[in-house]
Amino acid sequence: MSRPSPKLLHLTVQVPADIKGRRRSGSIVKVEEVGGRTEELLDRSAYLNINANWVNAKGAWLIHVVLVFMGKIIIDTIPGMTQQISWTLVNLIYLNLSYLMFHWVTGIPFDNELHGGAYDDLTLWEQIDDGAQYTPSKKWLFTAPILLFLASTHYTNYNPWLFAVNLTALIVLAIIPKLPQVRRPCQTT
């Protein structure tokens, strides 16, 4: 007696044409690059921008932590300095210096003749990673002031007045200037 062989069903799935032709996005975050005239883009690509490429070098992220602790040690040597005022001063000094360095000064301070003035209107923040917004370096530079704010809030024993000073400085000097909506108009690629 022979066994009957099982019959397998043959299924076909039809994919609608509109879904099949649509590419999947790798990320929900769009990358924006600082645009400009063709001459400026050619000048920017001619030589390496050493003004902005240091943020991607080894140890560049660690230097922020080292500078904060060095500043804390120096401020603590001032006679009569309390821990609350010391941490608030460290936070305010770091935020002011980083605002000055990344968002206030424009252009390249050295070897500017190599780029033909292509970076004269751009801040350091706009020069980093050719203006792309959500790169690892920019995420670190966005996160470092927030971490310092959290540390300063903790070590000031959550004093409401110092919290307000630290939070206002964080928002005005670190968060708002780094948002893409605040910077000059960019071209989306």
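The structure we're discussing is the one just above.
The rules behind these values
Residues numbered from 1 in each chain as written. Predicted model: local features only at pLDDT ≥ 70, side-chain atom pairs only at ≥ 80, totals over all residues. Heavy atoms only, no water. Buried < 20%, exposed > 50% of the residue type's maximum accessible area, 1.4 Å probe, protein only. Helix = DSSP H or I, 4+ residues; strand = E, 2+ residues; numbered from the N terminus. Arc of directions from axis to C-beta. Contact = heavy atoms within 4.5 Å. Polar contact = N/O pair within 3.5 Å; in protein donor to acceptor, adjacent residues only side chain to side chain. Salt bridge = Lys/Arg side-chain N within 4 Å of Asp/Glu carboxyl O. Patch = residues over 30% accessible without salt bridge, like charges linked within 9 Å, V, L, I, M, F, W, Y side chains within 5 Å. Areas by Shrake-Rupley, 256 points an atom, 1.4 Å probe, with all protein chains shown as cover. Phe/Tyr/Trp six-rings, centres within 6.5 Å; stacked < 30°, edge-to-face > 60°. Lys NZ or Arg CZ within 6 Å of the ring centre and 35° of its normal. Axes fitted to C-alpha atoms, helices over the stretch in contact; angles between N-to-C directions. Parallel < 35°, antiparallel > 145°, perpendicular 65-115°, else oblique. Nonpolar A, V, L, I, M, F, W, Y, C, P; charged D, E, K, R; others polar. Core = buried A, V, L, I, M, F, W, Y, C linked by side-chain atoms within 4.5 Å.

(A) Looking closely at helix α8 (residues 160-175). When we look at burial in α8, the residues that qualify are Leu-162, Asn-166, Ala-169, Leu-170, Leu-173 and Ala-174. Within α8, the buried residues cover an arc of 105° as seen down the axis, which keeps them to one side. Residues Pro-160 and Trp-161 are exposed on α8 and point more than 90 degrees away from its buried face. Here the buried face of α8 lies against α5 (83-104) and α7 (136-155). If you check the start of α8, you find a side-chain oxygen 2.9 Å away from the backbone N of Trp-161, and it comes from Asn-159.

(B) Just unusual backbone geometry, in detail. Even without a glycine there, the phi angle at Asn-157 is positive, about 60°. Along the polypeptide, Asn-157 turns up in the loop between α7 and α8. In this structure, Tyr-158 takes a positive phi of about 60° despite not being glycine.

(C) The arrangement of the pattern of salt bridges in detail. Inspection of every chain in the model, using the stated rule, returns one salt bridge. The salt bridge partner of Asp-76 is Lys-72, with a shortest N-O separation of 2.9 Å. One end of the pair is Asp-76 and the other is Lys-72, both in helix α4 (residues 60-76) and four residues apart, which spans about a single turn. By relative accessible area, which is 33% here, Asp-76 ends up partly exposed. Judged by its relative accessible area of 6%, Lys-72 is buried.

(D) Local environment of a nonpolar patch on the surface. Residues Leu-62, Ile-63, Val-65, Val-66, Leu-67, Phe-69 and Met-70 make up a contiguous nonpolar surface patch of about 620 Å² in total accessible area. By secondary structure assignment, the location of Val-65 is in helix α4.

(E) Representation of the packing of aromatic side chains in the model. Using the criterion set out here, one finds five aromatic pairs in the structure. One residue, Lys-178, lies across the ring of Trp-125, its end atom 5.2 Å from the ring centre.

(F) Geometry of the packing of α5 against α8. Between α5 and α8, the least distance of the axes is 10 Å, while the angle of their chain directions is 10°. Between α5 and α8, the angle falls in the class roughly parallel. Residues Gln-84, Ile-85, Thr-88, Asn-91, Leu-92, Leu-95, Asn-96, Tyr-99 and His-103 of α5 touch α8, and the partners they reach there are Leu-162, Val-165, Asn-166, Ala-169, Leu-170, Leu-173 and Ala-174. Here the residues of the contact of α5 with α8 are counted per class, giving 10 nonpolar, six polar and no charged.

(G) Just the nonpolar core, in detail. Membership of the largest hydrophobic core comes to 21 residues, with the highest contact counts inside it found for Tyr-94, Leu-95, Ile-128, Leu-141 and Leu-148. Elements supplying a minimum of two residues to this core: α4, α5, α6 (124-127), α7 and α8. Excluding residues within four positions of it along the chain, Leu-141 makes contact with Val-55, His-64, Phe-102, Trp-125, Ile-128 and Lys-178.

Any link to function would need more than the numbers given here.
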